[in-house]
Amino acid sequence: SQQGEEDPQALSIQEGENATMNCSYKTSINNLQWYRQNSGRGLVHLILIRSNEREKHSGRLRVTLDTSKKSSSLLITASRAADTASYFCATDLDQGAQKLVFGQGTRLTINP
Amino acid sequence: DGGITQSPKYLFRKEGQNVTLSCEQNLNHDAMYWYRQDPGQGLRLIYYSQIVNDFQKGDIAEGYSVSREKKESFPLTVTSAQKNPTAFYLCASSISWSSYEQYFGPGTRLTVT
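Thresholds, definitions, all that
- Residues numbered from 1 in each chain as written.
- Chains lettered and ligands numbered in written order.
- Predicted model: local features only at pLDDT ≥ 70, side-chain atom pairs only at ≥ 80, totals over all residues.
- Heavy atoms only, no water.
- Pairing = 2+ DSSP bridges.
- Helix = DSSP H or I, 4+ residues; strand = E, 2+ residues; numbered from the N terminus.
- Axes fitted to C-alpha atoms, helices over the stretch in contact; angles between N-to-C directions.
- Disulfide = S-S within 2.5 Å.
- Buried < 20%, exposed > 50% of the residue type's maximum accessible area, 1.4 Å probe, protein only.
- Contact = heavy atoms within 4.5 Å.
- Buried area = accessible area lost by both parts, 1.4 Å probe.
- Salt bridge = Lys/Arg side-chain N within 4 Å of Asp/Glu carboxyl O.
- Polar contact = N/O pair within 3.5 Å; in protein donor to acceptor, adjacent residues only side chain to side chain.
- Nonpolar A, V, L, I, M, F, W, Y, C, P; charged D, E, K, R; others polar.

Visitor: Would you mind going over the sheet that holds strand S1 (residues 4-7) of chain B in detail, with residue names and values included?
Guide: Residues and elements named next belong to chain B. The strand order across the open sheet built from 4 strands is S1-S3-S8-S7, with neighbouring strands paired in antiparallel fashion. Only two strands of the sheet have a single partner each, and these edge strands are S1 and strand S7 (64-66). Mean inter-strand twist for the sheet, computed between neighbouring axes without regard to direction, equals 20°. Note that S1 and strand S3 (residues 19-25) share 4 bridges and pair antiparallel. Across the sheet, the residue bridging to isoleucine 4 is glutamine 25, located in S3.

Visitor: Describe the state of the cysteines, and please don't skip the residues or the numbers.
Guide: All names here are of chain A. Following the criterion strictly, the structure yields 2 disulfides over all chains and no others. Here cysteine 23 pairs with cysteine 89 through a disulfide, and the sulfurs are 2.0 Å apart. Judged by the sign of its S-S torsion, about 65°, the cystine formed by cysteine 23 and cysteine 89 is right-handed. In this pair, cysteine 23 is assigned in strand S3 (residues 19-25) and cysteine 89 in strand S9 (residues 85-92), connecting sequence segments 66 residues apart. The two residues cysteine 23 and cysteine 89 agree in class, both being buried.

Visitor: Now, about the interface of chain A and chain B: what can you tell me, with residues and values included?
Guide: With 20 residues of chain A in contact, the opposing surface of chain B contributes 22 residues. Both faces considered, chain A and chain B share a buried interface measuring about 1800 Å² in area, 50% of it formed by carbon and sulfur atoms. At the boundary of chain A and chain B, one finds 1 salt bridge. For lysine 99 of chain A, the salt bridge goes to aspartate 59 of chain B, with nearest N and O atoms at 3.8 Å. At the junction of chain A and chain B, the tally comes to 3 residue pairs in polar contact (both at pLDDT 80 or more). Counting only elements with at least two residues in the side of chain A that touches chain B, the list comes to strand S4 (31-37), strand S5 (43-50), S9 and strand S10 (100-102) of chain A. With 4 residues, the single largest contributor to the side of chain A that touches chain B is S4 of chain A. For the side of chain A that touches chain B, a count of residues per class yields 7 nonpolar, 10 polar and 3 charged.

Visitor: Describe in detail the environment of asparagine 18 of chain A, supporting the description with residues and values.
Guide: All names here are of chain A. Mapped onto the elements, asparagine 18 comes out in the loop between strand S2 (10-14) and S3. Counting along the chain gives 59 residues from asparagine 18 to threonine 77, while the straight-line C-alpha distance between them is 4.5 Å. Leave out the neighbours within four places in its chain, and asparagine 18 touches Ile13, Leu75, Ile76, Thr77 and Ala78. Here the side chain of asparagine 18 touches alanine 78 through a polar contact of 3.0 Å, landing on its backbone nitrogen.

Visitor: So what's going on with unusual backbone geometry? Which residues, and what values?
Guide: Residue aspartate 7 of chain A is joined to proline 8 of chain A through a cis peptide bond whose omega torsion reads 0°. When you line up the elements, proline 8 of chain A lands in the loop between strand S1 (4-7) and S2. Cis geometry marks the peptide bond from serine 7 of chain B to proline 8 of chain B; its omega dihedral reads -10°. Looking at the secondary structure, you find proline 8 of chain B in the loop between S1 and strand S2 (10-13). For alanine 78 of chain A, which is not glycine, the phi dihedral falls at a positive 45°. Structurally, alanine 78 of chain A can be placed in the loop between strand S8 (71-76) and S9. Residue classification places alanine 78 of chain A among the partly exposed positions, given a relative accessible area of 39%. For asparagine 28 of chain B, which is not a glycine, the phi torsion comes out positive at approximately 60°. On the secondary structure map, asparagine 28 of chain B appears in the loop between S3 and strand S4 (31-37).

So, to be careful, I would describe these as geometric facts and stop short of saying anything about function.
Here it is as C-alpha cells:
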C-alpha cells in the first residue's frame with residue numbers, strides 16, 4: 001500500500017535556488033520523516049516532525065506538516081550541488097504497528 | 001552510513017540459487033529492518049525484528065527468510081522462490097521498536113541472471 005507520495009517525481013534547479021518537495025499521505029499518522037538518498041547509497045535521516053507540530057527547521061531545511069490536508073513539504077534553501085539526491089518521506093501507520101512506509105521519492109538535481 | 005555494514009556491495013547469482021545478504025550493526029540497536037528498493041521506487045519492507053530472537057514479516061516477505069540470533073546481526077536470505085530477486089537491498093536499525101528514526105546501511109545490489 002502506498003501511504004506517502006512525493007511530488008514532483010523529479011526536480012531540477014540552479015544552485016542557490018530553493019527547492020520544495022511535497023508529500024501526501026492517506027491515513028492518520030504519529031509523525032512524518034524525511035530521508036535523503038544519494039545515488040546507490042543508503043538513506044540518511046534528515047528530520048522528523050510530529051503530528052502535533054506544524055513546522056520544523058534544521059539548518060537549511062524547513063519542513064511543514066498539515067494534518068488536515070494530510071500533506072508535508074520539505075524546503076531546501078540556498079541549494080548546493082551536494083544536495084543532489086533523492087528525497088523520501090516516510091510515515092508511520094497510526095495503528096500501533098510503528099512500521100515506516102516510504103513514498104517513491106523526489107529526485108532533486110542541482111545544476112551548477 | 002552510521003554503524004551499519006552490509007556486505008557485499010554487489011552480488012551476482014544464478015537463478016535458482018539461494019543467497020544470503022549480511023547486515024551487521026554496532027549501534028546496540030534493538031530493532032532491525034530489511035527493505036527492497038527497485039529502480040525509481042521507494043522502499044518496501046521485507047522483514048523486521050523488534051528484538052533478538054524475534055522477527056516479523058513485512059509487506060513483501062514471500063521468497064525471503066531472516067534470522068536474528070544475535071543483537072548485532074540480521075542476515076537476509078533470498079531464496080529461489082523469490083520470483084524477481086534482482087534489486088537493491090537496504091538494511092536499517094533503530095534504537096528500539098518505539099523509536100522512529102532509522103539508520104541505514106550502504107545497501108547490497110543483487111543481480112540474479
